[in-house]
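# Structural characterization, general
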Amino acid sequence: MKSLLTTTRVAALALGLAVSSPLISHAQKNYKPTKENLAAREKFRDRGFGIFLHWGLYSIFGQGEWYMTNANLNRDEYSKVAGAFYPAQFDAAKWVAAIKASGAGYLTITSRHHEGFSMWDTKQSDYNIIKSTPFKRDILAELRDECHKQGLGFHIYYSLLDWHRDDYYPIGRTGQGTGRTKHGQWKTYDAFMNAQLAELVRDYNAEAIWFDGEWDQDINPGFQWNFDKMYAGIHKINPACLIGNNHHGEVHPGEDFQMFERDVPGANTAGLSGQAISKLPIETCQTMNGMWGYKIIDQTYKSDTTLIRLLVQTAGRNANLLLNIGPEATGALPATAIDRLEKIGKWMKTYGKTVKDGVREGIIPPQEWGVSTQKGKTVYLHILDWKSRMLSLPLTEKVKSVVAYDTRRPIPFQQTKLGLTLSFDKAPSEANAIDYIVEVTLH
Ligand code: GLC
């Protein structure tokens, strides 16, 4: 068993999947979210769908964001690539417009990933986009401004772990071969992180901070991240700023939303989930292809049908979908990613109302055929997998009407004490190939 676990872990690491194990962590004790925070949580839920952007120096190598540790690249050699970072095609207005047109309500951008390079004008280190690249443009500020202009939520990803700095010590489970031999002190790293976070929350107006990498220290028993101080610091600057942490465990006090990686809440196909589902707003993140950061050989893009169904499946489980794109080093979004954004956007134009803007999971729990979503007295049945012309539903509330969402044609129904049965005159094969939506109005 032990060796099987180890093999799984090694394979997962090579894929850039973070494997978790329980850690002792103190978080913001006795945390009581403010009114503004609770309102921000509802807004986050309403937005329903976001786009994740993994962009950093790693995009230049085109081997995914874990290349530095997977290939054991020396950090001094690796960092030279900053001198070649000049994404001439980067256009924040274009990115934000493309994301907005997909129906997404927010984006989450990597400010500093595990490689340790900061994509904004941070005052805490010169290893950043302004001081260390010929590009010298603050892409984070540009994206923030465009999000504000175009009405998109602006969330920021922040890596807790660092494969570059000497003071990220003790070294964790990853990044052991990146050539850090002089060990610094954790307290300077801790101060560095908290100062960077203050910049992101105060100066960059992060509506949410998306932490990642806690699991890196699970090899060092008793290790403390001091989330208590970190979370309290963020909430002190902006009480409405939402904190989420991709630790794959149960939520720590002080967190405002919970995330699941590569799986809808309740499922665990990627081996990263299994933690209890909290009452907080939930977000599931997933890649469009296989990797988060741009990877040349990774052209295994999921079809638009698969992605739209994933969005529907998450909505039916009261979760947002955070769908990832790895922009290229040129500053362009990959053509296939743009194609998927457009196709999702086309679907969202007609059906977005059934998965976002105040829509939550429906009264009927997820079923084999699909899921339900709901807003007030309107329940949407999303039939993703047709089984037969009859559909029996565990719904005992009194029903007023049942219509096909597209055509508004009434669908014959019968209600008994046991539930609701719908009979469709259409053969399943004629049904909408992506998601056949039935609108049920309750009394
Ligand atoms: C994992 C990976 C990381 C990625 C994140 C996104 O934690 O380690 O590279 O950014 O998942 O969910």
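Bear in mind the structure is a predicted one, so any value in this text is a computation, not a measurement.

## Some details on the nonpolar core
Ranked by internal contacts, the top residues of the largest apolar core, which has 87 residues, are I139, I209 and F211. Of all the elements, helix α8 (residues 186-203) adds the most residues to this core, at 7 residues. Aside from chain neighbours lying at most four places away, what touches I209 is I156, Y158, L197, L200, V201, I234, C241, L242, I243, G244 and F257.

## A few points about the sheet that holds strand β10 (residues 370-375)
An order of β9-β10-β11-β16-β13 is seen for the 5 strands of this open sheet, with the pairing classed as antiparallel. Bordering the open sheet on either side are β9 (360-361) and β13 (399-404), each of which pairs with just one other strand. Taken together, the 6 bridges between strand β11 (residues 378-383) and strand β16 (residues 436-442) define a ladder with antiparallel strand orientation. Bridging across to β16, L381 finds its partner in V438.

## Considerations on the pattern of salt bridges
Applying the stated criterion to the full structure yields 22 salt bridges. For the salt bridge of D162 with R112, the shortest nitrogen-to-oxygen distance reads 2.8 Å. Linking D162 in the loop between β3 (153-159) and α8 with R112 in strand β2 (residues 106-112), this pair joins segments that are 50 residues apart in sequence. Like R112, D162 is buried. The salt bridge partner of D190 is K229, with a shortest N-O separation of 2.5 Å. With D190 in helix α8 and K229 in helix α9 (residues 227-237), this residue pair connects regions lying 39 residues apart in the sequence. On the basis of relative accessible area, K229 is assigned to the partly exposed category, the value being 46%. Put simply, E42, R45, D46 and R360 are held in one network by salt bridges that share partners.

## Quick look at the environment of R180
Structurally, the position occupied by R180 is in the loop between β3 and α8. Judged by relative accessible area, R180 falls into the buried class, the value being 7%. Along the chain, R180 and A198 lie 18 residues apart, while their C-alpha atoms are 27 Å from each other. Only 3.3 Å separates the side chain of R180 from the backbone oxygen of W163, close enough to count as a polar contact.

## Notes on the site of the ligand
Around the ligand, 16 residues are found, and the nearest of them are H54, E65, W66, H113 and D212. Note that an oxygen atom of the ligand is positioned 2.5 Å from one of the side-chain N or O atoms of E65. Interatomic distance of 3.4 Å between a side-chain N/O atom of N246 and an oxygen atom of the ligand. Relative to its unbound accessible surface of 310 Å², the ligand loses 100% to contact with the protein. Among the residues forming the shell around the ligand, the class breakdown is 8 nonpolar, 5 polar and 3 charged.

## Considering the packing of aromatic side chains
Counting across every chain of the model gives 34 aromatic pairs. Between F44 and Y106 the ring centres are 5.5 Å apart and the planes differ by 55 degrees, which places this aromatic pair in the tilted class. Highlighted residues: F44 in helix α2 (residues 35-47) and Y106 in strand β2, separated in sequence by 62 residues. On the numbers, 5.9 Å between centres and 80 degrees between planes, the contact of Y380 with Y405 is edge-to-face. Separated by 25 residues along the polypeptide, Y380 in strand β11 and Y405 in the loop between β13 and β14 (413-415) bring together distant segments of the chain.

## Here we look at helix α6 (residues 92-101)
Taken together, the buried positions of α6 are occupied by A92, W95, V96 and I99. In an axial view of α6, the angular spread of the buried residues amounts to 90 degrees, which keeps them on one side of the axis. Exposed residues lying more than 90 degrees from the buried face of α6 are K94 and A101. For α6, the secondary structure elements touched by its buried residues are β1 (49-53), β2, α7 (139-150) and α11 (335-351). N-capping of α6 is provided by D91, with a side-chain oxygen placed 3.1 Å from the backbone N of A93. At the exit of α6 stands G103, carrying a positive phi of roughly 95 degrees.

## Concerning the confidence of the model for the protein
Across the protein, the average pLDDT comes to 92, with 92% of residues at 70 or higher. Across residues 1-25 the pLDDT falls below 50, and counting only partners more than four positions away or on other chains, this stretch makes 45 contacts in the model.

## Overview of the pairing of strand β12 (residues 390-393)
Of the two faces of β12, the one holding L391 and L393 is buried and the one holding M390 and S392 is not buried anywhere. Pairing of β12 with strand β15 (residues 420-423), which is carried by 4 bridges, proceeds in the antiparallel orientation. By the bridge assignment, L391 is partnered in β15 with L422.

## Quick notes on the pairing of strand β7 (residues 282-287)
Counting buried positions over the 6 residues of β7 gives 6, a clear majority of the element. By the alternation rule, side chains of β7 split into I282, T284 and Q286 and E283, C285 and T287, which are all buried. Strand direction decides the pairing type here: β7 and strand β8 (residues 319-325), joined by 6 bridges, are parallel. Across the sheet, the residue bridging to Q286 is L323, located in β8. Handedness of the crossover joining β7 and β8 through helix α10 (residues 304-315): right-handed.

## Description of the packing of α8 against α9
Here α8 crosses α9 at 25 degrees, and the two axes come no closer than 9 Å. Taken as axis vectors, α8 and α9 run roughly parallel relative to one another. Of the two elements, α8 crosses α9, and the hand of that crossing is right-handed. Taken together, the residues of α9 that come into contact with α8 (itself represented by D190, M193, N194, L197, A198, V201 and R202) are K229, M230, I234 and I237. Residue composition of the contact of α8 with α9, by class: 7 nonpolar, 1 polar and 3 charged.

What counts, and at which threshold
- Residues numbered from 1 in each chain as written.
- Predicted model: local features only at pLDDT ≥ 70, side-chain atom pairs only at ≥ 80, totals over all residues.
- Heavy atoms only, no water.
- Core = buried A, V, L, I, M, F, W, Y, C linked by side-chain atoms within 4.5 Å.
- Buried < 20%, exposed > 50% of the residue type's maximum accessible area, 1.4 Å probe, protein only.
- Helix = DSSP H or I, 4+ residues; strand = E, 2+ residues; numbered from the N terminus.
- Contact = heavy atoms within 4.5 Å.
- Pairing = 2+ DSSP bridges.
- Salt bridge = Lys/Arg side-chain N within 4 Å of Asp/Glu carboxyl O.
- Polar contact = N/O pair within 3.5 Å; in protein donor to acceptor, adjacent residues only side chain to side chain.
- Near = heavy atom within 4 Å.
- Areas by Shrake-Rupley, 256 points an atom, 1.4 Å probe, with all protein chains shown as cover.
- Nonpolar A, V, L, I, M, F, W, Y, C, P; charged D, E, K, R; others polar.
- Phe/Tyr/Trp six-rings, centres within 6.5 Å; stacked < 30°, edge-to-face > 60°.
- Arc of directions from axis to C-beta.
- pLDDT = per-residue confidence, 0-100.
- Right-handed = clockwise from strand over helix to strand, strands pointing away.
- Axes fitted to C-alpha atoms, helices over the stretch in contact; angles between N-to-C directions.
- Parallel < 35°, antiparallel > 145°, perpendicular 65-115°, else oblique.
- Left-handed = near helix turned anticlockwise from the far one by under 90°.

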